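Breakdown of the fold
Here are the chains, one letter per residue:
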Amino acid sequence: MKYFILILGIFLLSGCSVDYHLNIDENNKISESITVKSENEEESQKIHLDPWPIKTDYNDPDVGENPEKIEGVNYYQEEITLHDNLYHKNISYSYDIDSFKNANSINSCYEHFYIHENKKENTISLSTSAKFLCLENYPNLNQVNVKITVENPVVTNNASNINGNTYEWQITKDNYESSAIILSFKKDKQDKKAFNKNNPKISPTIYIFLGAFLLVLIVLIAYKVKNDK
C-alpha cells in the first residue's frame, strides 16, 4: 500500500526523528508543533514532495486517494524547511483543552490518552498509556523528543528532564514500551484577589496604635527602672 495513506500522519515516514512540542499558556490554550527531521536523502525527498494534508482530529475521516482536503475537517498548517541539504517538515495547530482530547498525533501513537480536570484541586492532568505505538509500528522512526512547556504551576510530572517550565521526555527504541507521559498543572496562576483575601493588608491605623503602645511601654519600663534605683 502506498505510503500516502496518512492514518498516522507524518509518522509513516521512515529514517527520521521527530521533535514534538506542546505549549500550554496561562489560559490553557494549547499550541502543538511537530517537526519531522529527515536523516537521509531518500526521506528528505519524500518530505519535500509529500502533498498529503494531515488532519488534526483523530476521529475525522482520512483523505481519499487524492490529496484533497475534506470540507469541515481541520488540518495542520505545514511548513517545509531545508537544513544541511535535508528537508524537514513542521506541522502545527492550536487547540482548546477539550478539542485536544482528540488530537490526531497523540491518539495515533498511544492506545489511551486522558485529560482530567479536577475542580476541587483546580488542576488539569494529561496522561497516556505506557507504550508509544509509533516506534513499535514504524521501526525506521528512530526517536521522538517530547517537550511540554506550561505557563501555570506544575503539580506532578514524570519527565526525564526539566528545563525551567519545560518538561522533556525522550522516546527511543530502548524505552518506547514504558514511555507514558504524565503531567498535572494548575488551571490558572495564583489568584491575586484570593491571595490578598488570605493575606489582608494591615491598616495604617493598626501601625499607629502599635507604635503608641510600644512608646507607652518603653516609658513605663524606664520609669520603673528609675524608681527602683
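Residues numbered from 1 in each chain as written. Predicted model: local features only at pLDDT ≥ 70, side-chain atom pairs only at ≥ 80, totals over all residues. Heavy atoms only, no water.

Things to note about the state of the cysteines
Basically, it comes down to this: Disulfides are defined in this document as cysteine sulfur pairs within 2.5 Å. The helix count covers DSSP runs of H or I at least four residues long, the strand count covers runs of E at least two residues long, and both are numbered beginning at the N terminus.
This model, assessed by the stated rule, comprises one disulfide. A disulfide bridge connects Cys 109 with Cys 134, and the sulfur atoms are separated by 1.9 Å. Between Cys 109 and Cys 134 the sulfur-sulfur dihedral comes to about -80°; the bridge is accordingly left-handed. In this pair, Cys 109 sits in helix 2 (residues 104-109) while Cys 134 sits in helix 3 (residues 133-137), placing the two residues 25 residues apart along the sequence.

Brief notes about the sheet that holds strand 5 (residues 113-118)
As a reminder, the rule being used: In this scheme, strands are said to pair when DSSP sees at least two bridges between them. Only the stretch in contact is used when fitting a helix axis, every axis being a line fitted to C-alpha atoms; angles between N-to-C directions are given from 0 to 180 degrees.
The sheet built from four strands is open, its strands ordered 5-6-11-8 with antiparallel pairing. For this open sheet the edge positions go to strand 5 and strand 8 (154-157), each flanked by a neighbour on one side alone. Each adjacent strand pair in this sheet contributes to an overall mean axis angle of 10°, direction not counted. For strand 8 and strand 11 (residues 182-186), the ladder comprises three bridges, and the chain directions are antiparallel. Bridging across to strand 11, Val 154 finds its partner in Phe 185.

A closer look at the environment of Ile 97
Cut-off, in case you're wondering: A 1.4 Å probe rolled over the protein chains alone gives each residue an accessible area, and that area as a share of the maximum for its type sets the label: buried under 20%, exposed over 50%, partly exposed in between. Residue contacts are counted whenever heavy atoms from the two residues lie within 4.5 Å of one another.
Residue placement: Ile 97 occurs in the loop between strand 4 (86-95) and helix 2. By relative accessible area, Ile 97 is classed as buried at 11%. Residues Ile 97 and Ile 30, 67 residues apart in the sequence, show an inter-C-alpha distance of 6.9 Å. Excluding its chain neighbours within four sequence positions, the residues that come into contact with Ile 97 are Asn 28, Ile 30, Ile 115, Glu 117 and Ile 124.

Here we look at the sheet that holds strand 9 (residues 161-163)
What links the strands of a sheet is backbone hydrogen bonding, and the strands pair in either a parallel or an antiparallel sense. Taken in spatial order, the seven strands line up as 3-4-2-1-7-10-9 in an open sheet, and their pairing is mixed. For this open sheet the edge positions go to strand 3 (77-83) and strand 9, each flanked by a neighbour on one side alone. Ignoring strand direction, the axes of neighbouring strands in this sheet form an average angle of 20°. When strand 1 (residues 16-24) meets strand 7 (residues 141-150), the two strands line up parallel, connected through nine bridges. In the sheet register, Tyr 20 faces strand 7, and the bridge partner there is Val 146.

Focus: unusual backbone geometry
Of note, the phi angle at Asn 28 is positive, near 65°, even though the residue is not glycine. Along the chain, Asn 28 falls in the loop between strand 1 and strand 2 (30-38). Of the residues examined, Asn 28 reaches a relative accessible area of 10% and is grouped as buried. Of note, Asn 122 is a non-glycine position whose phi angle comes to about 60°, a positive value. As for its position among the elements, Asn 122 is in the loop between strand 5 and strand 6 (123-128).

Describing the side chain of Asp 57
Quick note on the threshold: For the purpose of counting charges, residues Lys and Arg are taken to be positive, whereas Asp and Glu are taken to be negative. His and the chain ends are not included. Think of a salt bridge as a Lys or Arg side-chain nitrogen and an Asp or Glu carboxyl oxygen that are within 4 Å of each other. Nitrogen and oxygen atoms within 3.5 Å of one another constitute a polar contact, given that in protein one can donate a hydrogen and the other can accept it, and given that sequence-neighbouring residues count only through two side-chain atoms.
Turning to its location among the elements, Asp 57 is positioned in the loop between helix 1 (41-49) and strand 3. Within the buried set, Asp 57 has no salt-bridge partner at all; the shortest N-O distance to an opposite charge, 6.8 Å, is to Lys 55. Within the structure, Asp 57 has its side chain in polar contact with the backbone nitrogen of Asn 59 (distance 2.8 Å). With near-sequence residues (within four places) excluded, Asp 57 lies in contact with Asn 102 and Asn 104.

Looking at the pattern of salt bridges
Counted according to the given criterion, the structure contains five salt bridges. Residue Lys 37 is joined to Asp 19 by a salt bridge in which the shortest nitrogen-to-oxygen separation is 2.6 Å. One end of the pair, Lys 37, is in strand 2; the other, Asp 19, is in strand 1, with 18 residues separating them in the sequence. On the basis of relative accessibility, which here comes to 27%, the residue Lys 37 falls in the partly exposed class. Looking at Asp 19, the relative accessible area reads 23%, which means it is partly exposed.

These results come straight from atomic positions and should not be treated as a statement about function.
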